[in-house]
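Analysis of the macromolecular model
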Amino acid sequence: MPLALLALAVGAFGIGTTEFVMMGLLPDVADDLHISIPSAGHLVSAYALGVVIGAPLLAAATARMSRRKVLIALMGLFVAGNALSAFAPDYHWLLAARFVSGLPHGAFFGVGAVVATNLAAPERKARSVSLMFLGLTVANIAGVPVATFIGQHFGWRATFLGVSAIGLAAIASLAFLIPRDHTHAPTGGLRGELAALRSLPVWLALGTTVAGFGALFSAYSYITPMLTDSAGYADSSVTLLLALFGVGATAGNLVGGRLADHSLRGTLFGGLVSLVTVLALFPVLMSAQWSAAVAVTLLGTAAFITGSPLQLMVMEKASAAPSLASSANQAAFNLANAGGAWIGGIALAAGFGTTSPALAGALLAVLGLAVAATAYAVDRRRAEVPAPTPGRLVATHVPLHPEHAHH
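Anyway, here's the lowdown on the structure attached to this text.

Rules used in this analysis
- Throughout this document, residue positions are counted from 1 along each chain, in the order its sequence is written.
- With pLDDT at 70 or above as the cut-off, local features in this predicted model cover only qualifying residues; side-chain atom pairs require 80 or more to be listed or tallied, and sums for whole chains, interfaces and linings still use all residues.
- With hydrogens and water set aside, each side-chain value is computed from the structure's full complement of heavy atoms.
- Note on aromatic pairs: the rings of Phe, Tyr and Trp (six-membered ring only in Trp) are paired at centre separations within 6.5 Å, and the planes decide the class, stacked below 30 degrees, edge-to-face beyond 60, tilted for the rest.
- Helix numbering and strand numbering both begin at the N terminus, where a helix is a DSSP run of H or I of at least 4 residues and a strand a DSSP run of E of at least 2.
- Under the scheme applied here, a residue whose accessible area is under 20% of the maximum for its type counts as buried, over 50% as exposed, and between as partly exposed, the area being computed with a 1.4 Å probe on protein chains only.
- By the convention used here, residues are in contact when the closest approach between their heavy atoms is within 4.5 Å.
- Note on definitions: angles span 0 to 180 degrees between N-to-C directions of axes, and those axes are lines fitted to C-alpha atoms, for helices only across the stretch in contact.
- Note on convention: near helix rotated counterclockwise from far helix by under a right angle means a left-handed crossing. Clockwise means right-handed.
- Basic side-chain nitrogens of Lys or Arg form a salt bridge, by our definition, when they fall within 4 Å of a carboxyl oxygen of Asp or Glu.

**As for the packing of aromatic side chains**
- The final tally for this structure, using the stated rule, is eight aromatic pairs.
- With a centroid separation of 5.4 Å and an interplanar angle of 15 degrees, the aromatic rings of Phe 109 and Phe 133 are classed as stacked. Of this pair, Phe 109 sits in helix H4 (residues 91-119) while Phe 133 sits in helix H5 (residues 125-154), placing them 24 residues apart in sequence. For the pair Phe 109 and Phe 133, a shared accessibility class is recorded, and that class is buried.
- Ring centres of Trp 156 and Phe 160 lie 6.1 Å apart, and the angle between their planes is 80 degrees; this geometry places the pair in the edge-to-face category.

And the structure:
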């Protein structure tokens, strides 16, 4: 695997750290800025809103630029947003700074995934994407706990200065390690990118992302009360257990990337079935401490097995617009974050029990399977339709997926 993937992973590590660290710093920020915890919670939402808006807009706006320059510019915006967060004089400035920090998130992963697949051999595309996402999953194991510790002991502003430093390291890595000749811009430009998004298979792939990762966040958003109220863990143990989720996510990401290079759709279906199974078993697994720890790890593994396959599938269904489609998939991921948390909250508020968000997540994962199956049926039907030629019709067979052409 090319060393350039390390540069993408460093950027992903910084982005993953700043995205999730705010959840652990909410009390510190609320005390310092004299605001309520719910108001501080809007800082999480502001970042997610930045991701959803910035992902397609920045990918479209930079459609004709060199992807290497785009990645460096996006990481520059990331550094600026986190530096503004560190020096924000009041709550409203911090809210705006968090929004700015979120803007480059989706486009960085979107363009980065395209660069990663261009750098790798055809039979290693999914694995190359998974290595970039490795930075994001490792951030949950190391980046977020360390950044939270820094914020709690040296002030939350120090955390964002530290994240800015990671961003600067990522810029240096991108500048030195990403080769110039692998990152040319697509010839179609903005018009070609937008036209490719009219495809039904692209939207079905994006819908699978929303439902599949909505299932994850329906449960994960309420994992703390499940661990304390159902499994009987002390509050002080939760941070370590969330690191286990990060370990599971890292393992799932690497396994999913390796398997997807052999069977993209098979890995996607297998990951979603695993997710349904784990979430459905949550009420039983959360009844004891040892099994609860296993459940948290398996949740991360099952969910992130589908990460690389979904990213690659969206890119292949929109081959004329891989940067925009790939960035749109990141926006879909953050919609899943917000939507899953909302649906899990409805189950909790309805009085169905502490583990009910996991069962709601299982239903969302079933929906994800249904959307993925619909996408498969659409591909089969399109493959069977004869391709017309001037003057006569000739029946042709189109492979369902490039992986079939390799065998």
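Read on, since the account is not over.
**Topic: the side chain of His 105**
- The residue His 105 is located in helix H4 in this model.
- The exposure class assigned to His 105 is buried, which follows from its relative accessible area of 2%.
- In contact with His 105, not counting residues within four places along its chain, are Ile 15, Glu 19, Tyr 47, Val 51, Gln 330 and Asn 334.

**Quick look at the packing of helix H10 (residues 238-260) against helix H13 (residues 289-305)**
- At a closest axis distance of 6 Å, the pairing of H10 and H13 adopts a crossing angle of 35 degrees. H13 is crossed by H10, and the crossing has right-handed handedness. Contact residues: H10 offers Leu 241, Leu 244, Phe 245, Gly 248, Ala 249, Gly 252, Asn 253 and Gly 256, while H13 offers Ala 293, Val 296, Thr 297, Leu 299, Gly 300, Thr 301, Phe 304 and Ile 305.

**What to know about the environment of Gly 257**
- Secondary-structure assignment places Gly 257 in helix H10.
- Taking the C-alpha atoms as reference points, Gly 257 and Phe 269, twelve residues apart in sequence, are found 14 Å from one another.
- When residues no more than four places from it in sequence are discounted, the contact partners of Gly 257 are Ala 126, Arg 127, Ser 130 and Ser 308.

**Concerning the pattern of salt bridges**
- One pass over the structure, following the stated rule, counts four salt bridges.
- Two residues, Asp 32 and Arg 157, come together in a salt bridge whose shortest N-O distance is 4.0 Å. Of this pair, Asp 32 sits in helix H1 (residues 4-33) while Arg 157 sits in helix H6 (residues 156-177); the two residues are 125 residues apart in sequence, bridging distant segments of the chain.
- For Arg 265, the salt bridge goes to Asp 379, with nearest N and O atoms at 2.5 Å. Of this pair, Arg 265 sits in helix H11 (residues 264-280) while Asp 379 sits in helix H16 (residues 356-384), and the two are 114 residues apart along the sequence. Across this residue pair, the class does not change: Arg 265 and Asp 379 are buried.
- A single salt-bridge network, built from bridges that share partners, covers Arg 265, Lys 317 and Asp 379.

**Some details on the environment of Val 114**
- Within the secondary structure, Val 114 sits in helix H4.
- Taking C-alpha positions, Val 114 is 36 Å from Phe 282, a pair spaced 168 residues apart along the chain.

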